[in-house]
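Listed below, chain by chain, are the residues.
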Amino acid sequence: MPLTRSLDDSTVVITGASSGIGTATAYALARRGTTVVLAARSEQALRQVAQRCRQLGGQALTVPTDVTDLESVQHLAERAVVEFGRVDAWVNNAAVSAVGLFDEIPVAEFRRVLEVNLLGTVHGIKAALPHLEAAGGGVLVNNASVLAEVAMPYQSAYNAAKHGIRGLADTLRQELRVTGRGQISVCTVLPATIDTPFFRHAANHSGRELVPPPPVYPPEVVAETIVRLLRRPRREAYAGGAARLIGVQWRLAPALVERTLGWYAHRTQFGPGARLDSTGNVFHADGQASRDGGWHGRRRQLVRMTAFGLAAAGTAVGTMAAMNRRSRSDR
């Protein structure tokens, strides 16, 4: 894949920029002198992020955007070009979630998660492609989560959307290559559990407090992964060592790891507190800009248990793989 322009001479559009990974990515780019175009539903939160980006040394433009509306996303792209002359890279990062058993999540919320996460990415790509082509090439980065490769219980809508994003990126990459537009790189990021407000903002129909299953990584881990992809694009990149490990295990022994991960997530995804049903930020934006979700203590507290669990799963996968190889050699 081709290299993108130097980051200090690039214009990068980021959706979902008002908190979490989007905010951390904006700050990481601003430190490198990149011009960032920040998109999300909350104008108030975007202004806070833009102010910090300017303090860090980058130019910043805020464009309140609903990624489920194609015209709104196309307006975002046009504003970026009018203000800065071109778009060099586009980061599709906007996401929401609805947590609960599949048959307990209202259909309207399930649909909205797909609209924001998957269709929002479709709209971002549709809007970005003409401008990336006009700039002589560029980079599309889609934040798909490790749940684009594996699955977790109570996250059916999110899992479905993220699997769709990964499949869309693979198809688009093929089409660009066979139509002579290989100068546009399509990258997929697969983060592990990240310390963001995501878990507090999710719609919740579980009756319990939602917490991030450890190990929990800071959002800067994903931000730096995205920065590396903008500099040197690759098809896919994991963010957080646990994501890579789980992905490898899933490919080697999918049935076993599906059961193990389901058991693990069932026991670590919920805290002790009870919660009333909530639609979270699925339909309405949160007005506060926050890079992290305040889960640092949980990150430290359960790291040993997580390391043990992953090591045990790794041992089981290794044993199963060895048994499969032995079985094939005996035939």
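Residues numbered from 1 in each chain as written. Predicted model: local features only at pLDDT ≥ 70, side-chain atom pairs only at ≥ 80, totals over all residues. Heavy atoms only, no water.

Caption draft 1: Fine view of helix α4 (residues 107–134). With 28 residues, α4 should reach 40 Å at 1.5 Å per residue; the first-to-last C-alpha distance of 40 Å fits that figure. At Leu-119, α4 is deflected by roughly 35°, the largest bend along its length. Positive backbone phi, approximately 85°, marks Gly-136, located one or two places after α4. (Helix = DSSP H or I, 4+ residues; strand = E, 2+ residues; numbered from the N terminus. Expected span 1.5 Å × (residues − 1). Bend = angle between axes of the 7 residues up to and from the residue.)

Caption draft 2: Region of the structure containing the sheet that holds strand β6 (residues 138–143). Within the open sheet, the seven strands sit side by side as β3-β2-β1-β4-β6-β7-β10. Their pairing is parallel. The outermost strands of the open sheet, each flanked by one partner alone, are β3 (60–64) and β10 (236–239). Strand after strand, the sheet turns through a mean of 20° between neighbouring axes, direction not considered. Of the pairings in the sheet, the one linking strand β2 (residues 35–40) to β3 comprises five bridges and is parallel in character. Opposite Leu-38, over in β3, you have Thr-62 as the bridge partner. Together, β1 (11–15), β2, β3 and β4 (89–92) form the strand contacts of helix α3 (residues 70–84), whose direction differs from that of β3 by roughly 155°. (Pairing = 2+ DSSP bridges. Axes fitted to C-alpha atoms, helices over the stretch in contact; angles between N-to-C directions. Contact = heavy atoms within 4.5 Å.)

Caption draft 3: Expanded view of the side chain of Glu-109. Structurally, the position occupied by Glu-109 is in helix α4. Buried within the structure, Glu-109 lacks any salt-bridge partner; Arg-112 is the closest side chain of opposite charge, at an N-O distance of 10 Å. Engagement of the side chain of Glu-109 in a polar contact is seen with the side chain of His-205, the distance being 2.6 Å. Apart from residues no more than four positions distant in its own chain, Glu-109 is found in contact with Ala-98, Ala-203, His-205, Thr-279, Val-282 and Phe-283. (Buried < 20%, exposed > 50% of the residue type's maximum accessible area, 1.4 Å probe, protein only. Lys, Arg positive; Asp, Glu negative; His and termini not counted. Salt bridge = Lys/Arg side-chain N within 4 Å of Asp/Glu carboxyl O. Polar contact = N/O pair within 3.5 Å; in protein donor to acceptor, adjacent residues only side chain to side chain.)

Caption draft 4: Region of interest: the nonpolar core. Residues Ile-14, Leu-29, Leu-38, Cys-53, Val-141, Ile-226 and Leu-230 are the most contacted members of the largest nonpolar core, which totals 61 residues. The leading source of residues in this core is helix α1 (residues 20–30), at seven residues. When sequence neighbours within four positions are dropped, the list of residues in contact with Leu-29 reads Leu-7, Val-12, Ile-14, Thr-34, Val-36, Val-227 and Leu-230. In terms of nonpolar packing, the next biggest core, distinct from the first, is built from 33 residues, Leu-61, Val-63, Val-73 and Ile-125 among them. (Core = buried A, V, L, I, M, F, W, Y, C linked by side-chain atoms within 4.5 Å.)

Caption draft 5: Summary view of helix α7 (residues 219–231). If you check α7, its first and last C-alpha atoms are 19 Å apart, about what 13 residues at 1.5 Å a residue would give, namely 18 Å. Turning to α7, its buried residues number three or more, namely Pro-219, Val-222, Ala-223, Thr-225, Ile-226, Val-227, Leu-229 and Leu-230. Where α7 is buried, its residues contact β1, α1, β4, β6, β7 (184–191) and β10.

Caption draft 6: Expanded view of unusual backbone geometry. Cis geometry marks the peptide bond from Pro-214 to Pro-215; its omega dihedral reads 0°. Among the secondary structure elements, Pro-215 is positioned in the loop between β9 (208–210) and α7. Positive phi is not limited to glycine here, since Ser-145 has a value of about 75°. Locating Ser-145 in the fold gives a position in the loop between β6 and α5 (156–178).

Caption draft 7: Up close: the pairing of β3. Across the five residues of β3, four count as buried, placing the element largely inside the fold. As for the winding sense of the linkage, the β-α-β connection from β2 through helix α2 (residues 43–56) to β3 is right-handed. (Right-handed = clockwise from strand over helix to strand, strands pointing away.)

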